[in-house]
Amino acid sequence: MRYEVDFLVIGSGIAGLSFALKVADYGKVCILTKTNAAEGSTKYAQGGIAAVMYDTDSFDKHIADTLVAGDGICNREVVEMTIREAPERIKELVQYGVNFDRDGGGRFDLHREGGHSEYRILHHKDNTGAEIERGLLQAVRDHPNIELKENQFAIDLITQHHLGVRVTKHTPGIECYGAYALNSATHEIDTYLAKVTLLATGGMGNVYTTTTTPIISTGDGVAMVHRARGVLSDMEFVQFHPTSLYNPSEKPAFLITEALRGAGAILKDHNGNEFMQKYDSRLSLAPRDIVARAIDNEMKIAGVDHLYLDARQIDKNELINGFPTIYAKCLEQGINITKDMIPIRPAAHYQCGGITVDKNGCSSIKHLYAAGECSCTGLHGGNRLASNSLLEAVVYAHNSAMHAIAAVPSIHICHEVPDWNAEGMVLNEEMVLITQTKKELQEIMSNYVGIVRSDLRLQRAFDRLNLIFRETEDLYNRSVLTEELSELRNLIACAYLITKMARARRENRGLHYSIDLV
Ligand code: FAD
Ligand code: SIN
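Residues numbered from 1 in each chain as written. Chains lettered and ligands numbered in written order. Predicted model: local features only at pLDDT ≥ 70, side-chain atom pairs only at ≥ 80, totals over all residues. Heavy atoms only, no water.

Comments concerning the packing of helix H1 (residues 14–23) against helix H5 (residues 128–141)
Alright, step 1. Direction vectors running N to C along H1 and H5 enclose 30 degrees, while the axes themselves pass 10 Å from each other. Every pair of crossing elements has a handedness; the one defined by H1 and H5 is left-handed. Between H1, through Ile14, Leu17, Ser18 and Leu21, and H5, the contact on the second element is made entirely by Ile132, Glu133, Leu136, Leu137, Ala139 and Val140.
Alright, step 2. The class makeup of the residues in the contact of H1 with H5 is eight nonpolar, one polar and one charged. (Axes fitted to C-alpha atoms, helices over the stretch in contact; angles between N-to-C directions. Helix = DSSP H or I, 4+ residues; strand = E, 2+ residues; numbered from the N terminus. Left-handed = near helix turned anticlockwise from the far one by under 90°. Contact = heavy atoms within 4.5 Å. Nonpolar A, V, L, I, M, F, W, Y, C, P; charged D, E, K, R; others polar.)

Right under this line is the structure:
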C-alpha cells in the first residue's frame, strides 16, 4: 500500500505524541508505532520530569546541575534553552490532561534525585511516565487530523538512494521522502510518503543483556539514520541506572527509582554496610555514572551479582503511598521494602547519544527531524542528569514542530519513490539464526562495552561485532524481512556505533570509563 501525509511520525512515546499534537492543526498526521501505542520507555518512567517551577529554585541552578552531570561537554546554549523552556512545556502537558502530584495547597509536589541541588522533579506517584503516556494518547486519539497506526514497523527511511542515486555520507543534501514500514498484520511492506518525517523511536537498551528499557528499545531510528548516511554522535555515552531490581529471569529489569534514594534510601554492600563514602561525598545521591561504577566495583571486589538498597528508614506510609508501584512489585517477589533490603544491580537505561540534531530538531538529512531518546541534542553531554530526558523530549518535540509547520508549505511529496522490492527473497525458517546472534551481541556488549571498558575489551567487541554483522547482512540479503531480523540488524548497527565511538574517545569522560585511560 502507498500512503501520503504531511507529517509522518515514527514512535508514540512522549516525543512522537507531543510533536503530533502540535502539528495536527497544520496538516495530515500519521503516527506509526511498532507494537501497541502505549509501549515504550515513556510508560515505564517512574521518577518524573525536571523543571524549575517556583522561586525556591532557579534556572541557573538547574543549568549548573545539568552541566556538572554532563562532565563539561554539554552544549551550553542547548542546556539554557531547554531549562528555560521547561515551565512552558510542563503547562502544556497539564493542558493536554496530564496530572502531576500536588500538595494540599495545590502546588506541585517536587521530588529530588541524584545530581539535583534542589527539589524540582514533577511526578505522578512513582508512575509518572504511565500518566504522561495516558494523557497524551488520549489527546492524540481525540484529534481528528491524527491517524495512529499500531503494529507498523518502520524499517528504513526513504532517500535519494531509493531513486537509484548512490548516497554516501559525503553526498550533499540527502533528503528524506518518508519511510518503508512492515505491516505486522499483512506482512506487506508499505510505502509512507511524507513532506516531513519525525523519528521518535526511543532508546536501544536491548543492545545489553540487562536493561530497564522495554523490548521494543532496539535503536531502530538511530540505525535507520546510520544506513541513510546521516550524522550520529555521542553514542559511547550509555547510561547505566544504578538500581534495577535484581531478578535475572525478568526482562526488562524493573527500575527502582532514584527518587527512593532522594527520599532517604541508602546503598549497602552485600554485608549490609554503607560504601558510597569511599567514592563520593554526595553518597547515594552522587550522579549516576559515579554510583553505577561504585556498585560495579563493589560487586567485582566481593564477587557477587547484586548489592542492596535500604529503604527501611523511610517512614512506612511515605514508602507505601509515595512508591506504590515499587512497593507492590517488590512484594510480588517476596520483598517487603518497609522491612527488607532491596536487592539491586545496575542496568543499561538510557542512550545519551543518537541522531545529531540542531536546536530545531533538524537532523543532517533534509526534512528529517528527531526528538526524544533517539536524538542527540547536546543537552546531556557525557552523562544525562536524572529526569532531564522527558523534559528534553517535550522541548524538542515543540521546537521540531514549530520548524516543521513553517517548512511544510514549501515541500512537495516525492512521487517517484518506488515500492519496496522483495523479489527473490525466501522465508528464513531458522529463528535460531536470529535469537542466538542477538544473545551473542548482548553478551559481547555487556562484557566488553559496559560500565567499565578497556582497549582490549573494545577491540574484542569490535572484531566479534564485525563477524556477526557480516553473517546477519548475508541473512538479510536473502531473507524475507521480518521484525526480528530488522531489530537484530538495528541492534548490531547501534552496538557497532557505540563501540566505534568508545574506541575513538581517548579520555575518561562522563559515562565513558576505560581502565586504560585512568
Ligand atoms: P519511547 O517512549 O521509548 O517511545 C518509542 C516509540 O517508538 C514507541 O512507540 C515504539 O513503538 C516506537 N518505535 C520504535 N522503533 C520503531 C519502529 N521501527 N517502527 C515504528 N515505531 C517504532 N526519563 C526521565 O526524564 N524521567 C524518568 O523518571 C525516567 N524514568 C525512566 C524509567 C525507565 C524504566 C526507563 C526505561 C526510562 C526512564 N527515563 C526517564 C527515560 C525516558 O523514559 C525515555 O528517555 C523517554 O521516555 C523516551 O521517550 P521517547 O518518546 O523518545 O521514546
Ligand atoms: C529514576 O526514576 O530513577 C529514573 C529517572 C531517569 O531515568 O531520569
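Here we look at the pairing of strand E14 (residues 342–351)
Alright, step 1. With ten of its ten residues buried, E14 lies for the most part within the structure.
Alright, step 2. Two elements, strand E13 (residues 307–310) and E14, share three bridges in a ladder whose sense is antiparallel. Bridging from a neighbouring strand, leucine 309 pairs with isoleucine 342 of E14. (Buried < 20%, exposed > 50% of the residue type's maximum accessible area, 1.4 Å probe, protein only. Pairing = 2+ DSSP bridges.)

As for the site of ligand 1
Alright, step 1. Close to ligand 1 lie 38 residues, the nearest being Thr42, Gly48, Asp220, Glu373 and Ser389.
Alright, step 2. A distance of 3.0 Å is found between an oxygen atom of ligand 1 and a side-chain nitrogen or oxygen belonging to threonine 33.
Alright, step 3. Glycine 48 places a main-chain nitrogen or oxygen 2.7 Å from a nitrogen atom of ligand 1.
Alright, step 4. The fraction of the free accessible surface of ligand 1 (1000 Å²) that becomes covered by protein chains is 98%.
Alright, step 5. Those elements giving two or more residues to the shell around ligand 1 turn out to be H1, helix H2 (41–44), strand E7 (152–158), E14 and helix H11 (389–407). (Near = heavy atom within 4 Å. Polar contact = N/O pair within 3.5 Å; in protein donor to acceptor, adjacent residues only side chain to side chain. Areas by Shrake-Rupley, 256 points an atom, 1.4 Å probe, with all protein chains shown as cover.)

Some words on helix H8 (residues 288–302)
Alright, step 1. For H8, with 15 residues, the first-to-last C-alpha span of 21 Å sits near the 21 Å given by 1.5 Å per residue.
Alright, step 2. The set of residues buried in H8 consists of Arg288, Asp289, Val291, Ala292, Arg293, Ala294, Ile295, Asp296, Glu298 and Met299.
Alright, step 3. Close packing links the buried residues of H8 with strand E11 (238–245), helix H7 (258–262), strand E12 (266–268), E13 and E14.
Alright, step 4. Positioned one or two residues after H8, glycine 303 has a phi angle of 65 degrees, which is positive. (Expected span 1.5 Å × (residues − 1).)

Without other data, these values stay purely geometric and don't point to any function.
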